[in-house]
Every structure is written in C-alpha cells, then in structure tokens.
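Coordinate inspection notes
Each chain, letter by letter, is given below.
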Amino acid sequence: MFDQLIHYLEGIDPILAALYATLFTWLVTAAGASFVFFFKNMNRAVLDGMLGFTGGVMVAASYWSLLSPAIDMSKGEGFIKVMPAAVGFLMGALFLFALDKTLPHIHINFKESEGIKSPWQRTTLLVLAITLHNIPEGLAVGVLFGGVAAGIPEASIAGAVTLAIGIGIQNFPEGIAVSMPLRRMGMSRRKSFMYGQASAIVEPIAGVLGAVAVTFFTPILPYALAFAAGAMIFVVVEEVIPETQQDKNTDIATLGFIGGFIVMMSLDVALG
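It should be emphasised that the depicted structure is a prediction, and the values quoted were computed from it without experimental measurement.

1. A closer look at the overall build of the protein chain
- Broken down by element type, the protein chain carries ten helices and two strands.
- Helices and strands in the protein chain line up, N terminus first, as α-α-α-α-β-β-α-α-α-α-α-α.
- Working note: accessible area of the protein chain is about 12100 Å², and carbon and sulfur atoms make up 70% of it.

2. Digging into the nonpolar core
- In this structure, Leu 66, Phe 145, Leu 163 and Leu 225 are the most contacted members of the largest nonpolar core, which totals 52 residues.
- Broken down by secondary-structure element, the contributors of at least two residues to this core are helix H1 (2-10), helix H2 (14-33), helix H3 (44-72), helix H4 (78-102), helix H5 (122-149), helix H6 (157-184), helix H8 (202-216) and helix H9 (221-244).
- Among the elements that make up this core, the one with the highest residue count is H9 (13 residues).
- Leave out the neighbours within four places in its chain, and Leu 225 touches Leu 66, Pro 69, Ala 70, Met 73, Val 143 and Leu 144.

3. Details of the side chain of Ser 65
- Within the fold, Ser 65 resides in helix H3.
- On the basis of relative accessibility, which here comes to 4%, the residue Ser 65 falls in the buried class.
- Here the side chain of Ser 65 touches Asp 268 through a polar contact of 2.5 Å, side chain to side chain.
- Apart from residues lying up to four places away in sequence, Ser 65 is in contact with Ala 60, Leu 144, Leu 163, Met 264 and Asp 268.

4. Considering the packing of aromatic side chains
- Under the criterion given, the structure shown has five aromatic pairs.
- Judged by centre distance (5.2 Å) and plane angle (80°), the rings of Tyr 63 and Trp 64 are edge-to-face.
- Measuring from centroid to centroid gives 5.5 Å for Phe 95 and Phe 227, while their planes differ by 45°, and the two rings are tilted. Of the two residues, Phe 95 sits in helix H4 while Phe 227 sits in helix H9, which places them 132 residues apart along the sequence.

5. Examining the packing of H6 against helix H10 (residues 250-271)
- As a packed pair, H6 and H10 sit with axes 9 Å apart at the nearest point and diverge in direction by 160°. On the basis of the axis angle, H6 is roughly antiparallel to H10. For H6 against H10, the interelement crossing comes out right-handed. For the pair formed by H6 and H10, the contact residues are Ala 158, Thr 162, Leu 163, Ile 165, Gly 166 and Ile 169 on the first element and Val 263, Met 264, Leu 267, Asp 268 and Leu 271 on the second.
- By residue class, the composition of the contact of H6 with H10 is eight nonpolar, two polar and one charged.

6. Let's talk about a nonpolar patch on the surface
- On the surface, a cluster of nonpolar side chains totalling about 900 Å² of accessible area is made up of Phe 79, Val 82, Met 83, Val 87, Met 91, Phe 216, Phe 217, Ile 220 and Tyr 223.
- At five residues, H4 tops the list of elements feeding residues into the nonpolar patch.

7. Digging into H4
- In this model, H4 (25 residues) spans 37 Å end to end at C-alpha, consistent with the 36 Å of a helix rising 1.5 Å per residue.
- At Pro 84, H4 is bent by approximately 30°, the largest bend along its length.
- The complete set of buried residues in H4 reads Pro 84, Ala 85, Gly 88, Gly 92, Ala 93, Leu 96 and Asp 100.

Conventions and cut-offs
Residues numbered from 1 in each chain as written. Predicted model: local features only at pLDDT ≥ 70, side-chain atom pairs only at ≥ 80, totals over all residues. Heavy atoms only, no water. Helix = DSSP H or I, 4+ residues; strand = E, 2+ residues; numbered from the N terminus. Areas by Shrake-Rupley, 256 points an atom, 1.4 Å probe, with all protein chains shown as cover. Core = buried A, V, L, I, M, F, W, Y, C linked by side-chain atoms within 4.5 Å. Buried < 20%, exposed > 50% of the residue type's maximum accessible area, 1.4 Å probe, protein only. Contact = heavy atoms within 4.5 Å. Polar contact = N/O pair within 3.5 Å; in protein donor to acceptor, adjacent residues only side chain to side chain. Phe/Tyr/Trp six-rings, centres within 6.5 Å; stacked < 30°, edge-to-face > 60°. Axes fitted to C-alpha atoms, helices over the stretch in contact; angles between N-to-C directions. Parallel < 35°, antiparallel > 145°, perpendicular 65-115°, else oblique. Left-handed = near helix turned anticlockwise from the far one by under 90°. Nonpolar A, V, L, I, M, F, W, Y, C, P; charged D, E, K, R; others polar. Patch = residues over 30% accessible without salt bridge, like charges linked within 9 Å, V, L, I, M, F, W, Y side chains within 5 Å. Salt bridge = Lys/Arg side-chain N within 4 Å of Asp/Glu carboxyl O. Expected span 1.5 Å × (residues − 1). Bend = angle between axes of the 7 residues up to and from the residue.

Everything listed here is a matter of geometry and, on its own, says nothing about what the molecule does.
So, in structure tokens, the structure goes:
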C-alpha cells in the first residue's frame, strides 16, 4: 500500500502532493480533536505521555528527515559543509522565538500566557499556541516535496511521505490536547472540536508555501530543511517538554518521548 501511494504521488505535481500530505496531517489532528465527542476529560498522565510522544517524534524527525539530508546535500567539507544546516537551524529557532514573544498565546494548563498582552479569550490563545507548533511541521513536509520538485537527489517522495506520516501520528494527541481543555472549560463539544482541528489548518498553508519557495529557489533547500528542524526543536524544548513537567508524570512523559523517537526513527529508516 505504501508503494502504491508513493507511485501515485510520483505521478502528480510535487506541490499538489505537498498539499495532499499536509491535508492528511490536518485530518489526523481533527481525528484527535473528535475525541471530545466521546470524552469530557482525559487523564493527565495519559495526556502527558501523548505530549512526550509528540516531542520524541518531532526531535527524531528534525534529525533523520531534515538535518541529516540538509548536511548531505551541502557542498564542501568540514565546517563549510555543515554551515548551511547550522545557519538554517539557528534561523528557524529564532523565527519561532520571535513568534513566541509577539503572538499572544496561552499554554494547555491555562496558567502561563506569553506574547504581547491581548484581550482575546483564553480559548483563542490556546489555539494560537498549538498553531505555533504546527507551522514548522507543515513547513518541513512542504520543503521536502519542494526538493523533489527541484530534482534534488537527497529529497525523495518516500522521505516526504514518511515525514508526513510521522507528523500525522503526533498530531493526533495534539488535537486531543486542544479540544479536551476547552471542553473542561464548559465549551460545547462541537466548538471544542472546531477549535481543536482549526489549530492545524496552518499546516497545509505552510506546506504549500515551503514547497513553492524551494521549487523557485533551489539553493535554499539545505537552509530550509534546517530551518524547519530548528523551529521544531524550539517548540519541543520551549513548549512541549515543559508542559509535560507540570504534574507528577515525568516518567510517563519521558517514556512517551522515547517511544515517539523510536517510532519516527524506524519509519524514516524503514520507509524513507
């Protein structure tokens, strides 16, 4: 089935393939958010384990799917070869840092708000927080498909699809992480679901923009891959991991992280 999917995507425009792949990751987020129709609360330990899993997938994807190909396709030796990845990684982290400091948002526990002061409701701020997570994820998938369109040997449809699958897997708990707290606040099931799935709508947008940018500016591909990796690592260290440490479930969150890393690493090596 995987081979058939790759064969189909190889026969269409890579930018369209990027759109399809990121629509898939969005739909998985919606599937997670749909849990709000069946449950009003979720055990905090389970949620922390899921968030840990999300962090593990993002870290593994950052190296296996983004940084390693970025280094491989860079020319030169030694420090010259690693420079595009280092610069792109720093730029991606700084980009998310700037968004984190300017875009108003609130964390899942509703205790810490960041960014500029805003009169927006806490529900909106929570959705914006998860949206920040999803920008680099959509961008990462799109950039890989853009590399395919540009004819870069190190970029492959299989690798891009594998990354999309990994991102989709970790988007499932993210959808739950948005919709469940909103439901606990007293919001209706329907509205909680709508907010939860809406947090990932930015992924198809970022994916298509990333694919188009790399298609027209092929030399930026190593920088773009590392940029997405830097942004994802920033999200994990600044948002995901601290969120799992709010309660006494650190062991569960850590094991979830290890599991997520192994799953993404295995997918990338076996399928990508």
